Amino acid sequence: MAKKSVWSDNRFWQRSAAWVTGFASMLLIWLTFDTIPQITMGTNADLQNGVTKRVPGPTVINYKITYEMDKKRGHEIPVIGEKEMFFGRDDWSEEEAAELLHLGKLGSQVKNCMNCHTLLGNGAYYAPDLTKAWLDPAWGPEGSMQAMTGKSTKEEAMSEFLQNPSQYPTHARMMPDLGITAEEAKGLVAFLKHMSSIDTNGFPRNFGKIQGAVHGK
Amino acid sequence: MANSYLTTESKKLATWYFTFAAIIFGAQLLFGLVAATQYVIPGFLFEIVDFSVARMIHINALVVWMVFAMIGSVYWLLPDETGIETVGIGLGKLLFWVFAAAIVVVVLVYLLVQVGPADETSLWLIHEGREYIEAPRWADIGIVVVVLGFIYNLYATGMKGNRSGIVTVLMADMLAFAGIYLAGMGYTDNISIDQFWWWWVIHLWVEATWEVFVGSIAAYGLITMIGAHRKVVEMWLWIEVAMLFGSGILGMGHHYFWIGTPEYWWEIGALFSALEPLPLVAMFIHVLYDWGKMQGEESAKGQDVSVIANKPAFTWFVLNAIGNFLGAGVWGFFHTFPQVNLYTHGTQFTSAHGHLAFFGAYGTLLIGMFYLAVQGKNGIKVMNATKKSIWGTSMIFGGVLGMTAALTLSGYVDVLVSRAQMGATWSGYFEGQASMWFMQGMDWRLIMGVVTFLGFFVLVADLLSIGKATHHKR
């Protein structure tokens, strides 16, 4: 009788499975140790010194954020520019900004944003993606939302909308009233502004760059 | 229960798990139907049961019924594999009631409280607002305790009785399955880090540990239903484990393309997740090959009878091989490269994949286990299909395929209009949603959802009555 082949030996495959799994797990853990520091939030000092972070610190709310094509990387990235007023101030301290962001992030979970919207593209598809919502032209000076809510700044228009969403329908599909208070709304807007400053490797592509084009508009 | 042929407490406990799982499966479909209706009639239950609430229950019920049916499946096969009664069965029964009661409370709170103020208490008591693992923190801790008890029973039984290859794989897999859940229990203000760990749970469940679970159960099913040779089946199982974990663990990279994580995940995610369909092809071939082989051996003996000892269950196992390959493999592969995913990420395309993958890879197999339990409970040697089994199976599988097709077409509109053409803004999003083709897709999804829901009732009716049919071999 021919010698038994290793390829039909269960022990061989059991050991292979263990080694492959172990190797893949170790690699994942090693990559995790590399990734986590890269996506840890920056500080106020980073922002003041122009140090680029993939996830900037909470005081990014004091600055103007734009989404611009980076030729070298071949896609758009958030660019942090000059100081900009946020709810009438551009001097939110590190503690104040962190507190506001904390309230907003908590609010985003408790109000269940993710089961209608997508955040960083993850969630449900019943409502628009919020990744770069802060940069959406609809909320800017040219957009319709400031006039609709009777507010003169982006953050106030967003805050007003979040508190009374079903009063300002933009589509037959409306956002329900989630009992969001004025303070919570402020936090949520800070959370949205912060999220728009995260370097998402160019997602979503061409955000806010295209006007019209459908139905010849 | 009366007239039960079950001789082990482990199998009796398994039937409890299966029964509760089937009820929650019904709840999943019901709330899915509410959410699907809201796409077509936006005012439906507005500010009563909003889309966010219906959808949260839809996907949480999905996770819960599958976890229940998975635990039930392990309790079902343990006496057969180890040759002994499961150790710690009293604990198992107690934990069943604790788990079931906790789930009922969680769902009632989702439905009746819905949202709270933006503070930590809401995370502890209402929900955590993180897709798929929304369960509030008190329930998180409860789930960990319950699952630890289950793992203890599995290990104690595996170490005391005969530890087959299938039991060995399950012991390792279920421990990983439970351990990974811990990665999703924390809170952070940094949404990139939040989603990084969140994917550890979701991805390492559905694209790694759950798939290995499916491999183990399919192996058990082939041995018990068509008498496949254990040595061959277990060798396949080890190869599948190597392929599934070898591709699936680092395939995680495809969730790290756009959440703030570095660009190197593009290459890692693309490479390893592109390999993920391979084990699914292997599993598909494995099931059909073994079936042909066993039937061929029977025919060679001049016997003209089917080797299948449970026709409805085996049908579901074959549908699992197909559905897993199509839903997880093909539909996953469609959008796994970053060049494509840049536009498909967060569209109905993902939803199409999600529906066929969860149902095809897990729903099918677990329904097959329900039928195995019915066979065992009624002491049937060869269980044949009834008209109801055929209708139930066709309506549910056809319904999910139909929903997937409809969502795929709507997804294309989403991708092309909202994303490629309009650049993903608020108005771009609604431009896509208002497109006629998108809306027709949503109409068809609702219709196919109703077919699936009706099929569920036929399935339940069959599960309750098939044991009493007279055309089985006892």
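The numbers attached to residues start from 1 for each chain and follow its sequence in the written order. Lettering of chains starts at A and numbering of ligands starts at 1, both following the order in which they are written. Side-chain atom pairs in this predicted model are given and counted only at pLDDT of 80 or more, local residue features only at pLDDT of at least 70, and totals for whole chains, interfaces and linings cover all residues.

### Concerning the overall build of chain B
To keep things clear, this is the line we draw: The helix and strand labels rest on DSSP assignments: H or I over at least four residues marks a helix, E over at least two residues marks a strand, and numbering proceeds from the N terminus. For the radius of gyration, the atoms used are the C-alpha atoms, and the globule rule reads 2.2 Å times the number of residues raised to 0.38. Exposure criterion: with C-beta atoms placed from backbone coordinates, a residue whose C-beta has 20 or more other C-beta atoms within 10 Å is buried, one with 12 or fewer is exposed, and one in between is partly exposed. The contact criterion used here is simple: two residues whose C-beta atoms, placed from the backbone, lie within 7 Å are in contact.
Per the secondary structure count, chain B includes 16 helices and 0 strands. Computed over its C-alpha atoms, the radius of gyration of chain B comes to 22 Å, within 12% of the 23 Å expected for a compact globule of 474 residues. Taking the principal axes of its C-alpha atoms as reference, chain B extends roughly 65 × 45 × 45 Å. Per-residue burial over chain B gives 60% buried out of 474 residues. Counting contacts in chain B only where the partners sit at least 6 residues apart, residues at least 24 apart contribute 80% of the total.

### Let's talk about the overall build of chain A
Within chain A, the regular secondary structure consists of 6 helices and 4 strands. Reading the secondary structure of chain A in the N-to-C direction produces α-α-β-β-α-β-β-α-α-α. Since a compact globule built from 217 residues should have a radius of gyration of about 17 Å, the 23 Å found for chain A marks it as more spread out than a globular shape. C-alpha extents for chain A along the principal axes are approximately 90 × 45 × 40 Å. When the 217 residues of chain A are sorted by exposure, 46% land in the buried category. Residue pairs in contact within chain A that sit at least 24 positions apart in sequence constitute 48% of those at least 6 positions apart.

### Some points on the interface of chain A and chain B
Counted only if it meets this: When residues are sorted by character, Ala, Val, Leu, Ile, Met, Phe, Trp, Tyr, Cys and Pro go into the nonpolar class, Asp, Glu, Lys and Arg into the charged class, and all the rest, Gly among them, into the polar class.
Listed as interface residues are 74 residues of chain A and, on the opposing side, 66 residues of chain B. When contributions to the side of chain A that touches chain B are tallied by element, the ones reaching two or more residues are α1 (10–39), α3 (94–110), β3 (118–119), β4 (122–123) and α6 (182–196) of chain A. At 15 residues, the largest contribution of residues to the side of chain A that touches chain B is made by α1(A). Classifying every residue of the side of chain A that touches chain B gives 36 nonpolar, 27 polar and 11 charged.

### Some details on α6(A)
Quick note on the threshold: Helix span, as expected, comes to 1.5 Å for every residue beyond the first.
Compared with an ideal rise of 1.5 Å per residue, which puts 15 residues at 21 Å, α6(A) spans 21 Å between its outermost C-alpha atoms and is within 8% of the ideal. Most of α6(A) sits inside the fold, with 13 of its 15 residues counted as buried.

### Notes on the packing of helix α10 (residues 277–300) of chain B against helix α11 (residues 311–334) of chain B
Residue and element names in this part refer to chain B. Counted only if it meets this: Interaxial angle, 0 to 180 degrees, is taken between N-to-C directions of lines fitted to C-alpha atoms, where a helix line uses only the stretch in contact. By the definition adopted for this analysis, an angle is roughly parallel if under 35 degrees, roughly antiparallel if over 145, roughly perpendicular if from 65 to 115, and oblique otherwise. Left-handed describes a crossing in which the near helix is turned anticlockwise from the far one by less than a right angle; the clockwise case is right-handed.
Running from amino to carboxyl end, α10 crosses α11 at an angle of 160°, the nearest separation of the two axes being 9 Å. Judged by the inter-axis angle, α10 sits roughly antiparallel to α11. Note on packing geometry: the crossing formed by α10 with α11 is left-handed. Of α11, the residues touching α10 (which contributes P277, L280, V281, M283, F284, V287 and L288) are F317, V318, A321, I322, N324, F325, A328, G329, V330, G332 and F333. Along the lines of polarity and charge, the residues of the contact of α10 with α11 split into 15 nonpolar, 3 polar and no charged.

### Comments concerning the confidence of the model for chain A
Low-pLDDT portions of the prediction should not be read for the details of their coordinates. To keep it simple, the criterion reads: The pLDDT value expresses, per residue, how confident the predictor is, ranging between 0 and 100.
With 96% of its residues at a pLDDT of at least 70, chain A reaches an overall mean of 94. Contacts of residues 213–217 of chain A to residues separated by more than four positions or lying in other chains number 6 contacts, the stretch itself having pLDDT below 50.

### A look at α3(A)
Helix length check: α3(A), at 17 residues, gives a terminal C-alpha distance of 24 Å against a target of 24 Å (1.5 Å per residue), a fit within 8%. Residues A97(A), L100(A), L101(A), L103(A), G104(A), K105(A), L106(A), G107(A), S108(A), Q109(A) and V110(A) constitute the buried set of α3(A). Against α6 of chain A together with α4 (120–125) and α7 (191–226) of chain B lie the buried residues of α3(A). The positive-phi residue at the C-terminal boundary of α3(A) is N112(A), with phi of around 65°.

### Section: the environment of E68(A)
All names here are of chain A. Of note, E68 is situated in strand β1 (residues 63–70). On the basis of neighbour count, E68 is assigned to the exposed category, with 11 C-beta atoms found within 10 Å. Here the alpha-carbon distance between E68 and H194, two residues 126 residues apart in the chain, equals 16 Å. In contact with E68, not counting residues within four places along its chain, are E76, I77 and V79.

### What about unusual backbone geometry?
Residue and element names in this part refer to chain A. The linkage connecting F203 with the following residue, P204, adopts the cis geometry, with an omega of -5°. With respect to the element layout, P204 can be found in the segment after α6. Here the phi dihedral of F87 falls at roughly 50°; this positive angle occurs in a residue that is not glycine. Looking at the secondary structure, you find F87 in the loop between β2 (75–83) and α3. We classify F87 as partly exposed; it has 15 C-beta atoms within 10 Å.

### Here's the deal with the pairing of β2(A)
All names here are of chain A. Short version of the rule: Two strands make a pair as long as DSSP finds a minimum of two bridges between them.
Two strands pair when backbone bridges link them, and β1 and β2 are joined in this way by 7 bridges, in the antiparallel orientation. When the sheet's bridge partners are listed, E68 is paired in β2 with I77. Between the antiparallel neighbours β1 and β2 lie 4 residues, among them G74 with a positive phi of about 80°.

### So, the environment of V451(B)
All names here are of chain B. The topology assignment puts V451 in helix α16 (residues 436–465). Of the residues examined, V451 has 18 C-beta atoms within 10 Å and is grouped as partly exposed. Counting along the chain gives 56 residues from V451 to M395, while the straight-line C-alpha distance between them is 6.0 Å. The contact partners of V451, leaving out residues within four places of it in the chain, are M395, G398, G399 and G402.

### Regarding the nonpolar core
Test applied: Buried Ala, Val, Leu, Ile, Met, Phe, Trp, Tyr and Cys residues whose C-beta atoms connect them within 7 Å together make up a nonpolar core.
Judged by nonpolar contacts, the single largest core of 214 residues is most densely connected at Y17(B), A21(B), W65(B), F68(B), A69(B), M369(B) and F370(B). Discounting chain neighbours no more than four positions away, the residues touching A21(B) are W65(B), F68(B), A69(B), G72(B) and L366(B).

### Brief notes about the environment of F33(A)
In this fold, F33(A) is placed in helix α1. Along the chain, F33(A) and I61(A) lie 28 residues apart, while their C-alpha atoms are 28 Å from each other.

### Considering the packing of helix α14 (residues 387–421) of chain B against helix α15 (residues 426–433) of chain B
Two numbers describe a pair of packed helices, the interaxial angle and the distance between the axes. Residue and element names in this part refer to chain B. Here α14 crosses α15 at 140°, and the two axes come no closer than 8 Å. Judged by the angle between their axes, α14 and α15 are oblique. Where α14 crosses over α15, the handedness of that crossing is right-handed. Each of V413, D414, V417 and S418 in α14 lies in contact with α15, whose residues at this interface are G428, Y429, E431 and G432. Among the residues making up the contact of α14 with α15, the classes are represented as 3 nonpolar, 3 polar and 2 charged.

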